[in-house]
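Chain residues, written in single-letter form:
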Amino acid sequence: ADIAMYEAKQAQRRVAVYQTGHDETHLRRIGLISDLRRARERDELRVFYQPKVDLRSGRVAHAEALLRWQHPALGTISPDEFIPLAEHCGLIHEITAFVLAAGLQQASAWREDGLEIGLAVNLSPMDLLDARLPDRVAGLLQAHRFPAQELILEITESTVMRDVQSALITMRALRALGVRLSIDDFGTGHSSLAQLRSLPVDEIKIDKSFVMRLDTNPEDTVIVRSAIEIGHNMGLVVIAEGVEQSGSLEILQRLHCDMVQGYFFSKPVPAEDFRRWHDDFQANASTRSEQIA
Ligand code: C2E
Ligand code: MG
Ligand code: MG
Ligand code: MG
């Protein structure tokens, strides 16, 4: 009875909040959803790029496309806030199509300009339930004459697992095109190892929460070492995201992690800045190896 009473009171409070309009987060969400519908035509969406560095070759393997929304009144809105809203109001397919098209156009321009680089794009869980996605990806690859195996799609672990059977159909169709798949934020979901084994993926990306404090947290080293072993035993490429300190990078090298990404190398930046950063990074890399030789 106490619980029922408590719940009734909570419900009343919620109604009061709506009536007086004091629920600021709710109002913000409603406002953002209506603005988001117009964000693209108003040219407020920008794709930033962050390098994924291959430790085995010392080269930048992919540029990961990360979406930014420059809201005219509220400033930059984080994708962690607006992507869930886009999923909620049915805009996500349009947004995914936009990022894929913009990213492939940029990456093809780079390749024509001598920068041999792949592209990573994040997918929403809802994209995996969209039966038209593989055809759309195939069309974009063709339009940009972009090699399928240079495109890697990052799928958040927790989201694949929600409806594995439907997700699997889309994942297999994407992979049949030659596109590669990555499990993003690895370690944060509830996947069993058996499920993981049956997923058609090429890469796991260890979540930054295990990597950011790697240089000072011995417990994190234990987790990261296990994740790398699991990935390698399954024949997958293992990348760590959230590398901020040189100490963490050294640990990852010692643990034979294949690839790394994080602020230690570069934050996500606009395309022009990415190119400049890349050319500097590669020039320094060759100077480094000349000095050793
Ligand atoms: P994610 O794909 O796991 O991307 C990694 C996030 O961590 C990015 O945040 C990146 O800026 C940040 N990050 C990278 N290196 C470091 C580091 O060394 N330290 C710290 N503290 N953070 C680092 P961002 O760009 O805000 O994106 C957040 C999430 O939003 C992404 O996580 C991804 O799940 C989603 N997202 C971003 N762009 C898109 C998109 O175009 N489509 C979809 N569906 N989701 C997107
Ligand atoms: Mg990602
Ligand atoms: Mg991630
Ligand atoms: Mg994430």
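Above this text sits the structure in question.
To start, this report covers the structure provided alongside it. Just so we're clear, the structure is a prediction, and the values are computed from it rather than from any experiment. (Residues numbered from 1 in each chain as written. Chains lettered and ligands numbered in written order. Predicted model: local features only at pLDDT ≥ 70, side-chain atom pairs only at ≥ 80, totals over all residues. Heavy atoms only, no water.)

So, the packing of aromatic side chains
- All told, the structure shown has eight aromatic pairs when counted by the stated rule.
- Considering the side-chain rings of tyrosine 49 and tryptophan 110, the 5.1 Å spacing of their centres and the 75 degrees angle between planes classify their relative orientation as edge-to-face. Taken together, the positions of tyrosine 49 in strand β1 (residues 45-54) and tryptophan 110 in helix α4 (residues 92-112) put the pair 61 residues apart, joining distant regions of the chain. Tryptophan 110 shares its class with tyrosine 49; the two are buried.
- An angle of 75 degrees between the planes, with centres 6.2 Å apart, marks the rings of phenylalanine 265 and phenylalanine 281 as edge-to-face. A residue pair is termed long-range when its members are at least 10 positions apart, and phenylalanine 265 in the loop between β9 (259-260) and α12 (271-292) and phenylalanine 281 in helix α12 qualify at 16 residues. (Phe/Tyr/Trp six-rings, centres within 6.5 Å; stacked < 30°, edge-to-face > 60°. Helix = DSSP H or I, 4+ residues; strand = E, 2+ residues; numbered from the N terminus. Buried < 20%, exposed > 50% of the residue type's maximum accessible area, 1.4 Å probe, protein only.)

Brief notes about the layout of surface pockets
- Size it by volume and the largest pocket reaches roughly 1100 Å³.
- Along the wall of the largest pocket there are 38 residues; nearest its centre are Glu64, Leu66, Pro79, Asp80 and Asn122.
- Taken together, the elements giving at least two residues each to the lining of the largest pocket come down to β2 (59-71), α3 (79-88), α4, β4 (118-123), β5 (151-156) and β6 (180-186).
- Here the lining of the largest pocket is composed, by residue class, of 15 nonpolar, ten polar and 13 charged. (1 Å grid on protein atoms, 1.4 Å probe; cavity = no way out; pocket = protein on both sides within 12 Å on 5 of 7 lines; lining within 4 Å. Points joined across faces, edges and corners; volume = space filled by probe spheres on them. Nonpolar A, V, L, I, M, F, W, Y, C, P; charged D, E, K, R; others polar.)

Some points on the coordination of the magnesium ion (ligand 3)
- Distances from the magnesium ion (ligand 3) to its protein donors, Asp184 (OD), Asp185 (OD), Glu241 (OE) and Glu241 (OE), fall at 2.0 to 2.5 Å.
- For the magnesium ion (ligand 3), all donor residues lie on one chain, and their spacing in sequence is D-D-x55-E.
- The distance between the magnesium ion (ligand 3) and the magnesium ion (ligand 2) comes to 4.3 Å, and aspartate 184 binds to both of them. With aspartate 184 in strand β6 and glutamate 241 in the loop between β8 (237-240) and α11 (246-254), this pair connects stretches of sequence that are 57 residues apart. (Donors = N, O, S within 2.8 Å, 3.2 Å for Na, K, Ca; no water.)

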